[in-house]
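This is what each chain is made of:
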Amino acid sequence: MRDLLIGQVLSFDDDPFLEGPSAARIEAEGAVLIEDGRILAVGPAASLRAAHPEARRHDYGKALISPGFVDAHAHYPQTGIIAGWGKRLIDWLNTYTFPEESRFGDPEHARRAAETCLDLMLAHGTTSVCSFCTIHPESVDAFFTAAQARGMRVMAGKTCMDRNAPDSLRDSAQSAYDQSKALLERWHGVDRLGYVITPRFAPTSTPDQLAALGALWAEHPEVAMQTHLSEQKEEIRWVAELFPEARDYLDVYERFGLLGARGLYGHAIHLEPRERDRLRDVGAALVHCPTSNAFIGSGLFDMVGLKAEGQRIGLATDIGGGSSFSMLRTMAAAYEIAQLRGEALHPAQLWWLATAGSAGALGLGDRIGRIAPGYEADLTVVDLASTQAIAQRAARAGDLWEALFPTIMMGDDRAILATWVNGKPIHRA
Ligand SMILES: [Zn+2]
């Protein structure tokens, strides 16, 4: 059975940071034809209606049909501790994160958290996420099982730590390698699931553990590797004490085989020029987590400068250091952080970051993040007049970007009319 979604269709053929807003393809009275989880065609509604009279019609009127949002960095086990008050990064980990993560050896607790997190993401229009789990293999099984049941394309991995964490959250170099390898072999490439080798960050791994995970990545270059980089200045000083031989923070990862094109580096705020050069030269991806950076007081990511020098960048909530499940709120925070650096991001750039940009950062840019024939049918339908405040502002808009921007700045899950995952709809109740 074919489905025809009718509305304003927005997708990107190119990167608006390079090409400007014309990188977007906008079909004001458009439609998307899908079948068996794939996009078959996109174009004017009238012609697709005439060509496919048999298709089930879903008329969303003036609502926007967008690629589903892609959240390039999150910690699903932190769902229950989101919005924990008043700490810097290291205190925040010790006070909120580690006690909660200690509970994820219990498969039932992990199942409930995974289902809650993914259902919240879908309600906010997010169809794909790349998540950290905990040290417990059960936490990875729970997340992939929940995503598989929902038909979602997700990436995730066991978070490895063998020092500077509570006893209940420490593995070892050998068990991190063995368990990560077993989980990779169990889950990678099954349905829409992808494994990610996941050292939490340099301070919580010994050199032996980093080397073991680097060896695993060398054996499995087909998977991604995710970690954190240069989030806060006191963290960077700590890394320098722990690894005095390293030239800088990124060099710790590079020395242990953890720098590569499929590497995902969360935060990347306080980078040295040498680190920026290396990240660009290897084609690694940086992941901007703006609500988290504001919430934990980490600093102002240099979006414009990093894009101008050719870095690959995705956008993410960083749940639960981040303070919202909404990629709309996350776009707004990216806008605000750029404003604090004296730069205004165009709505096209923000929307691209939350869709094609993040998909590309995750190495999934040929499958998700765009509305084009052959792409997987993950779509988000966005009401551009979801509240009175947004509606009265959007009503004055002269073009789509002006109509979209109030929803970016003031929108939340009320703006999500429907989320289509793998060609199947989840309509808002
Ligand atoms: Zn994180």
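Overview of the overall build of the protein
Each helix and strand in the protein was counted, giving 16 helices and 16 strands. Relative to its length of 429 residues, the protein is compact, with a C-alpha radius of gyration of 21 Å against a globular reference of 22 Å. Seen along its three principal axes, the alpha-carbon backbone of the protein occupies a region of about 65 × 45 × 40 Å. Taken across its 429 residues, the protein has 60% of its residues classed as buried. Expressed as a percentage of contacts within the protein between residues at least 6 apart in sequence, the contacts between residues at least 24 apart total 75%. Entry remark: accessible area of the protein is about 15200 Å², with carbon and sulfur atoms responsible for 51%.

Quick notes on the pattern of salt bridges
Evaluated as defined, the whole model comprises 32 salt bridges. We note a salt bridge from Arg-25 to Asp-13, for which the minimum N-O separation is 3.3 Å. One end of the pair, Arg-25, is in strand S2 (residues 24-35); the other, Asp-13, is in the loop between strand S1 (2-12) and helix H1 (16-19), with 12 residues separating them in the sequence. For Arg-341, the salt bridge goes to Asp-302, with nearest N and O atoms at 3.5 Å. You can see Arg-341 sitting in the loop between helix H13 (327-340) and helix H14 (347-361) and its partner Asp-302 sitting in the loop between helix H11 (290-295) and helix H12 (303-308), a full 39 residues away along the chain.

So, the sheet that holds S1
Taken together, the seven strands give an open sheet; going across it, the order is S3-S2-S1-S4-S14-S15-S16, and neighbouring strands pair in mixed fashion. Two strands in the sheet have a free side with no partner beyond their single neighbour: strand S3 (38-44) and strand S16 (424-427). Recorded for the sheet is a direction-independent mean angle of 35° between the axes of neighbouring strands. Two elements, strand S14 (residues 379-382) and strand S15 (residues 416-421), share four bridges in a ladder whose sense is antiparallel. Across the sheet, Val-381 pairs through a bridge with Ala-418, a residue of S15.

Details of unusual backbone geometry
Looking along the chain, the bond that leaves Ile-319 and enters Gly-320 is cis, with omega of -5°. Along the chain, Gly-320 falls in the loop between strand S13 (312-315) and H13. Backbone geometry at Asn-164 places phi at a positive 55°, although glycine is not the residue there. Within the secondary structure, Asn-164 is located in the loop between strand S8 (159-160) and helix H6 (173-187). Here Asn-164 falls in the partly exposed class, since its relative accessible area comes to 35%. A positive phi is found at Ser-230, a non-glycine position, where the angle reads about 50°. Within the secondary structure, Ser-230 sits in the loop between strand S10 (224-229) and helix H8 (233-242).

Here's the deal with the coordination of the zinc ion
The coordination sphere of the zinc ion contains the protein donors His-73 (NE2), His-75 (NE2), His-228 (NE2) and Asp-318 (OD), at a distance range of 2.1 to 2.4 Å. Motif for the zinc ion, donor spacing along one chain: H-x1-H-x152-H-x89-D. Note that His-73 is positioned in strand S5 (residues 69-75) and His-228 in strand S10, a separation of 155 residues in sequence. Exposure class is identical for His-73 and His-228. Each is buried.

Here's the deal with the pairing of S16
Relative to S16, S15 runs antiparallel, the two sharing four bridges. What sits directly across from Trp-420, in S16, is Pro-425. Hairpin geometry of S15 and S16 is characterised by an intervening segment of two residues between the two adjacent antiparallel strands and by a positive phi of about 55° at Asn-422.

Comments concerning H6
The α-helix winds at 3.6 residues per turn, so residues separated by three or four positions along the chain end up facing the same way. If you check H6, its first and last C-alpha atoms are 21 Å apart, about what 15 residues at 1.5 Å a residue would give, namely 21 Å. The set of residues buried in H6 consists of Ala-173, Ala-176, Tyr-177, Ser-180, Leu-183, Leu-184 and Trp-187. The buried residues of H6 occupy one face: seen down the axis, they fall within an arc of 145°. Summarising the geometry of H6, the exposed residues directed more than 90 degrees from the buried face are Gln-174 and Glu-185. Buried-residue contacts for H6 involve helix H5 (137-149), S8, strand S9 (193-199) and helix H7 (207-219). Positive phi appears at Gly-189, one or two residues downstream of H6, with a value of about 85°.

Observations regarding the packing of aromatic side chains
This structure, assessed with the given rule, holds 11 aromatic pairs. Pairing Phe-143 with Phe-144 gives two aromatic rings, centres 6.4 Å apart and planes at 55°, and the pair type is tilted. Residue Phe-143 is classed as buried on the basis of its relative accessible area, which comes to 0%. The class of Phe-144 is buried, set by a relative accessible area of 0%. Taking 4.9 Å as the distance between ring centres and 70° as the angle between the ring planes, the aromatic pair formed by Tyr-335 and Phe-405 counts as edge-to-face. One end of the pair, Tyr-335, is in helix H13; the other, Phe-405, is in helix H16 (residues 400-410), and 70 residues separate them in sequence. By relative accessible area, which is 16% here, Tyr-335 ends up buried. Three or more aromatic residues joined by ring pairs form one cluster here, namely Tyr-76, Phe-104, Phe-143, Phe-144 and Trp-187.

A look at H14
The largest bend in H14 amounts to roughly 55° and is located at Leu-353. Within H14, 14 of the 15 residues are buried, which leaves the element mostly enclosed by the surrounding structure. The positive-phi residue at the C-terminal boundary of H14 is Gly-363, with phi of around 80°.

Conventions and cut-offs
Residues numbered from 1 in each chain as written. Predicted model: local features only at pLDDT ≥ 70, side-chain atom pairs only at ≥ 80, totals over all residues. Heavy atoms only, no water. Helix = DSSP H or I, 4+ residues; strand = E, 2+ residues; numbered from the N terminus. Rg over C-alpha atoms; globule rule 2.2 N^0.38 Å. Buried < 20%, exposed > 50% of the residue type's maximum accessible area, 1.4 Å probe, protein only. Contact = heavy atoms within 4.5 Å. Areas by Shrake-Rupley, 256 points an atom, 1.4 Å probe, with all protein chains shown as cover. Salt bridge = Lys/Arg side-chain N within 4 Å of Asp/Glu carboxyl O. Pairing = 2+ DSSP bridges. Axes fitted to C-alpha atoms, helices over the stretch in contact; angles between N-to-C directions. Donors = N, O, S within 2.8 Å, 3.2 Å for Na, K, Ca; no water. Expected span 1.5 Å × (residues − 1). Arc of directions from axis to C-beta. Phe/Tyr/Trp six-rings, centres within 6.5 Å; stacked < 30°, edge-to-face > 60°. Bend = angle between axes of the 7 residues up to and from the residue.

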